[in-house]
Amino acid sequence: MCYTDNMKKLLICLFVIPILCYARSQIILSGLCIRVIDGDTITVKLNNADKIKVRFLGVDAPESNRRRYGHVEKFGKEAKEFIKQLLNKKPVQLVTFKTRKGKIYTDRYNRILAYVYQENIDVCKELLIRGYAKVYLKSKCSRFNEFLQYELIAKKLKLGIWQ
């Protein structure tokens, strides 16, 4: 198919510009993990003293308490314990994003969705590669394909939930 210059410009306007506009601006927050709620949720006291709940972006760890499903899911307690050892009472860095409306990226429970780091450790990656979590499939994050590769490693090695 042969496109004229005007047709190429129109295609760029229709497809490329909206994608660029959708890109979110990144926000980096720092604080102290003061509570581990679950294998993928923590409470952080930010450096400005605000307390926030944070849900790890792109991963889904098994439930470690009975509230949600009436039972503890397989490897739920292990995932929570791993996060406790890694993050509890330690400094963390959160990488989150602003939505198109300029608000910080949250879920339906008003938890901030973020990639979580402890010093140079990528916590979301560690959960996936050790089999303590799976990739969250309901909405794809910016690291979706990367996270699928980490999950595949855990599956091949039959680690954690993939045993």
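Data block above holds the structure.
## A few points about the packing of aromatic side chains
Enumeration over the complete set of coordinates arrives at four aromatic pairs. Relative to Tyr132, the ring of Phe82 lies with its centre 5.0 Å away and its plane at 25 degrees, an arrangement referred to as stacked. Placement of Phe82 in helix α2 (residues 76-87) and of Tyr132 in the loop between α3 (123-129) and β8 (134-135) is noted, with a sequence separation of 50 residues between them. Relative to Tyr115, the ring of Phe97 has its centre 6.1 Å away and its plane inclined at 90 degrees; by these criteria the two rings are edge-to-face. In this pair, Phe97 is assigned in strand β5 (residues 91-97) and Tyr115 in strand β6 (residues 112-118), connecting sequence segments 18 residues apart. Tyr115 matches Phe97 in its accessibility class, with the two residues each being buried. Taken together, the aromatic side chains of Phe97, Tyr115, Phe147 and Tyr150 make up a single cluster linked through ring pairs. Its guanidinium or amino end placed over the ring of Tyr136, Arg55 lies 5.4 Å from that ring's centre, counting from NZ or CZ.

## A word on helix α4 (residues 144-156)
Compared with the 18 Å implied by 1.5 Å per residue over 13 residues, the 18 Å span of α4 between its first and last C-alpha is a close match. If you check which residues of α4 are buried, you get Phe144, Phe147, Tyr150, Glu151 and Ala154. Buried residues along α4 cover an arc of 120 degrees about the axis, so they all sit on one side. For α4, the exposed residues set more than 90 degrees away from the buried face come down to Asn145 and Lys156. Buried residues along α4 sit against β4 (59-60), β6, α3 and β8.

## A short note on the pairing of strand β3 (residues 51-56)
Of the strand pairs in this sheet, strand β2 (residues 41-46) and β3 are connected by five bridges, and their pairing is antiparallel. When the sheet's bridge partners are listed, Ile42 is paired in β3 with Val54. The hairpin formed by β2 and β3 contains four residues between the paired strands, and Ala49 there has a positive phi angle of roughly 85 degrees.

## Structural notes on the nonpolar core
Grouped together as the largest cluster of nonpolar side chains are 40 residues, with contacts concentrated most on Ile42, Phe56, Ile83, Leu87, Leu94, Val116 and Phe147. Of all the secondary structure elements, the ones that give two or more residues to this core are β1 (26-38), β2, β3, α2, β5, β6, α3 and α4. When neighbours within four sequence positions are excluded, Ile42 is seen to be in contact with Cys33, Arg35, Val36, Ile37, Ile52, Lys53, Val54, Phe56, Ile83, Leu87 and Val116.

## Quick word on the pattern of salt bridges
Side chains bearing opposite charge may pair, as long as their charged atoms lie close to each other. For the structure shown, the criterion picks out seven salt bridges. One salt bridge in this structure joins Glu151 and Lys155, with 3.3 Å as the shortest N-O distance. One end of the pair, Glu151, and the other, Lys155, are both in helix α4, four residues apart, so they sit about a helical turn from each other. Salt bridges sharing common partners tie together Asp40, Arg55 and Asp60.

Conventions used here
- Residues numbered from 1 in each chain as written.
- Predicted model: local features only at pLDDT ≥ 70, side-chain atom pairs only at ≥ 80, totals over all residues.
- Heavy atoms only, no water.
- Phe/Tyr/Trp six-rings, centres within 6.5 Å; stacked < 30°, edge-to-face > 60°.
- Helix = DSSP H or I, 4+ residues; strand = E, 2+ residues; numbered from the N terminus.
- Buried < 20%, exposed > 50% of the residue type's maximum accessible area, 1.4 Å probe, protein only.
- Lys NZ or Arg CZ within 6 Å of the ring centre and 35° of its normal.
- Expected span 1.5 Å × (residues − 1).
- Arc of directions from axis to C-beta.
- Contact = heavy atoms within 4.5 Å.
- Pairing = 2+ DSSP bridges.
- Core = buried A, V, L, I, M, F, W, Y, C linked by side-chain atoms within 4.5 Å.
- Salt bridge = Lys/Arg side-chain N within 4 Å of Asp/Glu carboxyl O.

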